[in-house]
Amino acid sequence: VNGEGISVVDFNREVQAVERELQSQFGEDFRKRFPLKEIKRIALQRLIQRELLLQLAEKEGLQVSDWAVAKAIEEMPIFQENGKFSIKLYKEFLKAQGLTPETFENEVRKDLLVQKVLTVVNHAPSVTKAELLTLYKKSFGEREIGYKVFKPSDFNPQVSPEEVEKYYETHKEEFAKEGES
């Protein structure tokens, strides 16, 4: 993905995750509905999308703090015992998965980063300057442009009664009832 590889380990892990999700949704019959080839396609598509989002996060300088990673891990239900984080369950999980704490924490960090990018993208109120320039260059080639951002509070049009009357006189047909001319 843009020169970054996807490891076989990550691919196989994602295939297993897709299988678990489908099994929880459709029961044991999920294999009848989703052949292995389709499951692998879904897994690969997810990994590509994730890598693109991670690349975007890096490009935009987004990061996730160590504190946020630790908090996310502590809150994972799989590591809870009597409503509290269990270091014992955490270590057992890592051992069963063949992961080091660093590897697991990096994966959690990437997941949080992807969530952060998606939150930013989904809640962005407007187009960024970079997006505007990219779109313009694609549409019109390399040219110098300028733009001005207006806040709604800056826009306060004033229309005189004479202007309203003049507009009405020149657009009467727009104000006619259906069937009248």
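Structure: above.
Residues numbered from 1 in each chain as written. Predicted model: local features only at pLDDT ≥ 70, side-chain atom pairs only at ≥ 80, totals over all residues. Heavy atoms only, no water.

Chemist: Hey, could you run me through the pattern of salt bridges in this one?
Modeler: Close approach of charged atoms lets side chains of opposite charge pair. For the coordinates displayed, the defined rule picks out 13 salt bridges. Taking the shortest distance from any N to any O, the salt bridge between Arg 31 and Glu 19 comes out at 3.0 Å. In this pair, Arg 31 is assigned in helix 2 (residues 30-33) and Glu 19 in helix 1 (residues 8-26), connecting sequence segments 12 residues apart. In this structure, the salt-bridge partner of Glu 75 is Lys 71, at a minimum N-O distance of 2.5 Å. Judged by its relative accessible area of 34%, Lys 71 is partly exposed. Via salt bridges that share partners, Arg 50, Glu 107, Lys 110 and Asp 111 belong to a single interconnected network. (Salt bridge = Lys/Arg side-chain N within 4 Å of Asp/Glu carboxyl O. Helix = DSSP H or I, 4+ residues; strand = E, 2+ residues; numbered from the N terminus. Buried < 20%, exposed > 50% of the residue type's maximum accessible area, 1.4 Å probe, protein only.)

Chemist: In this structure, what is going on with the nonpolar core? I would like to understand it.
Modeler: Here is a general trend for soluble globular proteins: nonpolar side chains tend to be buried in one another's company. By size, the foremost hydrophobic cluster in this structure holds 17 residues, and its most contacted members are Val 69, Ile 73, Tyr 90, Phe 104, Val 108 and Leu 112. Elements supplying a minimum of two residues to this core: helix 3 (36-60), helix 4 (66-74), helix 5 (87-97) and helix 6 (101-123). At 6 residues, helix 6 tops the list of elements feeding residues into this core. In terms of nonpolar packing, the next biggest core, distinct from the first, is built from 8 residues, Phe 30, Ile 39, Ile 42 and Ala 43 among them. (Core = buried A, V, L, I, M, F, W, Y, C linked by side-chain atoms within 4.5 Å.)

Chemist: Would you explain the side chain of Gln 55 in this entry?
Modeler: Within the element layout of this structure, Gln 55 appears in helix 3. A polar contact of 2.8 Å, which involves the side chain of Gln 55, links it to the side chain of Asn 2. Those residues in contact with Gln 55 that lie beyond four places of it in its chain are Val 1, Asn 2 and Glu 4. (Polar contact = N/O pair within 3.5 Å; in protein donor to acceptor, adjacent residues only side chain to side chain. Contact = heavy atoms within 4.5 Å.)

Chemist: I would appreciate a short explanation of helix 4 in the present structure.
Modeler: Within an α-helix, residues lying three or four positions from one another point in the same direction, as the helix has 3.6 residues per turn. Here helix 4 has its buried residues at Val 69, Ala 72 and Ile 73. End-on, the buried residues of helix 4 take up no more than an arc of 100 degrees, which puts them together on one face. Tucked inside the fold, the buried residues of helix 4 contact strand 2 (84-85), helix 5 and helix 6. (Arc of directions from axis to C-beta.)

Chemist: What's the story with the environment of Ile 48 in this structure? I'm lost.
Modeler: By the secondary structure assignment, Ile 48 is in helix 3. Along the chain, Ile 48 and Val 1 lie 47 residues apart, while their C-alpha atoms are 6.5 Å from each other. Contacts of Ile 48, omitting those with residues within four sequence positions, involve Val 1 and Ile 6.

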